Amino acid sequence: MVHTPQLASGPQAGSSRVLGAASSAGTGRLRRDGYARLRGTDLGLDAEELAGDLAQLARAFEDLPLDPHSPDSNRFRRYSHAVYLAWTDELSFIPGTPDDEFGTVSEFWQDEYNPEFPDAHRKLPDLTPELQSNRAVRAIIRADLAEALWLPQLHTAPVYLAIHMIRLAVRDRTQVAVSSPNCLHRDGGSPALCTFAHLIDRRDITGGENVIATPESAGRQPDDVDPGDIHERFVLSDLLDGYGVHDHSVSHYVGPVRLAENAENGHRDVFIVGIAPFTPGL
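## Digging into the sheet that holds strand β10 (residues 209-213)
In spatial order, the strands read β11-β10-β13; together these three strands make up an open sheet with antiparallel pairing. The sheet terminates laterally at β11 (230-235) and β13 (251-254), the two strands that pair on one side only. On average, each strand axis in the sheet is tilted by 15° relative to the strand beside it, whichever way the strands run. Here β10 pairs with β13 via four bridges, running antiparallel. Bridging across to β13, N210 finds its partner in V254.

Written out as structure tokens, the structure is:
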């Protein structure tokens, strides 16, 4: 079970960081180190003002659809695209494609960087309209943008955003829930790509360790990598506890999740934001 940190409150936290990503500098740690641990207090969210929205976001993980491309992974997810314009500070979700089963879906493609789905175009169920308009969702996205906007490429092109909600869930001691890919990896694509992950809930599980390593470690298990190539190992435990990575600077990993002793079911809920400049093919 997660514990709620003392997030920022008051007009300054609720207006400056949340409402104006292009004018915010973030913590600067991502630019300095290629990755950054981000606590809930780093995001500048007004916890009191957004309490209802955070509760709505947490409840939405209870109804996530099973990953249609990996039904045996004990992984549940939603996924949508959005676009951000730094010069107008405008954030907008991109409509998904109509789908008979899920309502709308968005295409998820990781080029050759995911060895489990090489060059596969996967269609995943969208975030619901209620989630797309949720103030906490938008505030988290803007906080992540503030961390990434040191990259000049994000100021001269529309910023493409990939928004994931992922639950790893287990219901008995024989089950294992895994992320994809289940190895140190990079997400691929633009040299300006950044990925952020924020814990929403962790309950009655073991595992789920995060590892940040050198980019050359991609494709390997953390225990098979020279310890000197590991930058940091940690477990996300508190509400909105998270991290960000500059994809070309590091590789990253999250370990499998198993049920804790004497528990009947458990889960790990994470909100993920991928950020990259849009590069048209014209």
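## Structural notes on the sheet that holds strand β8 (residues 194-203)
With antiparallel pairing, seven strands are arranged side by side in an open sheet as β1-β12-β8-β15-β7-β2-β3. Pairing within the sheet leaves two strands with one partner each, and these edge strands are β1 (35-38) and β3 (90-93). When strand polarity is set aside, the average angle formed by the axes of neighbouring strands in this sheet is 20°. Sheet topology places β8 next to strand β12 (residues 242-246); five bridges connect them, and they run antiparallel. Along β12, the bridge assignment pairs T195 with V245. Sitting on the sheet, helix α5 (residues 135-148) is in contact with β1, β2 (75-85), β3, β7 (159-170), β8 and β15 (266-277), with an inclination near 50° to β15.

## Here we look at α5
Spacing of three or four residues puts side chains on the same side of an α-helix, whose turn is 3.6 residues. With 14 residues, α5 extends 20 Å between its outermost C-alpha atoms, agreeing within 8% with the 20 Å of an ideal straight helix rising 1.5 Å per residue. Counting buried positions along α5 gives twelve out of 14 residues, so the element sits mostly inside the fold. For α5, the complete set of buried residues consists of A136, V137, A139, I140, I141, R142, A143, D144, L145, A146, E147 and A148.

## A closer look at the confidence of the model for the protein
When pLDDT is averaged along the protein, the result is 88; 87% of the residues meet or exceed 70. Ignoring residues within four places in sequence, the model shows residues 1-6, a span with pLDDT below 50, making 16 contacts including any to other chains. Here residues 8-19 is modelled with pLDDT under 50, and outside its nearest four sequence neighbours on either side it reaches 34 contacts, counting other chains as well.

## A word on the packing of aromatic side chains
According to the stated counting rule, one finds two aromatic pairs in the structure shown. Taking 6.4 Å as the distance between ring centres and 40° as the angle between the ring planes, the aromatic pair formed by Y160 and F278 counts as tilted. Linking Y160 in strand β7 with F278 in the segment after β15, this pair joins segments that are 118 residues apart in sequence. Ring centres of F234 and Y243 lie 5.7 Å apart, and the angle between their planes is 70°; on these two criteria the pair is classed as edge-to-face.

## Points about helix α3 (residues 51-60)
Every buried residue of α3 is listed here: D53, L54, L57 and A60. Looking down the long axis of α3, one finds its buried residues gathered within 120° of arc, a one-sided arrangement. Of the surrounding elements, those touching the buried residues of α3 are α4 (129-132), α5, β7, β8 and β15.

## A closer look at the environment of R268
Topologically, R268 is positioned in strand β15. Sequence-wise, R268 and V170 are 98 residues apart; in three dimensions their C-alpha atoms are separated by 9.3 Å. Setting aside anything within four residues of it in sequence, one finds R268 in contact with I166, R167, L168, L199, D201, R202, I205, G208, N210, L236, V254 and V257. Within the structure, the side chain of R268 is placed 3.1 Å from the side chain of N210, a separation counted as a polar contact.

Rules behind the numbers
- Residues numbered from 1 in each chain as written.
- Predicted model: local features only at pLDDT ≥ 70, side-chain atom pairs only at ≥ 80, totals over all residues.
- Heavy atoms only, no water.
- Pairing = 2+ DSSP bridges.
- Helix = DSSP H or I, 4+ residues; strand = E, 2+ residues; numbered from the N terminus.
- Axes fitted to C-alpha atoms, helices over the stretch in contact; angles between N-to-C directions.
- Contact = heavy atoms within 4.5 Å.
- Expected span 1.5 Å × (residues − 1).
- Buried < 20%, exposed > 50% of the residue type's maximum accessible area, 1.4 Å probe, protein only.
- pLDDT = per-residue confidence, 0-100.
- Phe/Tyr/Trp six-rings, centres within 6.5 Å; stacked < 30°, edge-to-face > 60°.
- Arc of directions from axis to C-beta.
- Polar contact = N/O pair within 3.5 Å; in protein donor to acceptor, adjacent residues only side chain to side chain.

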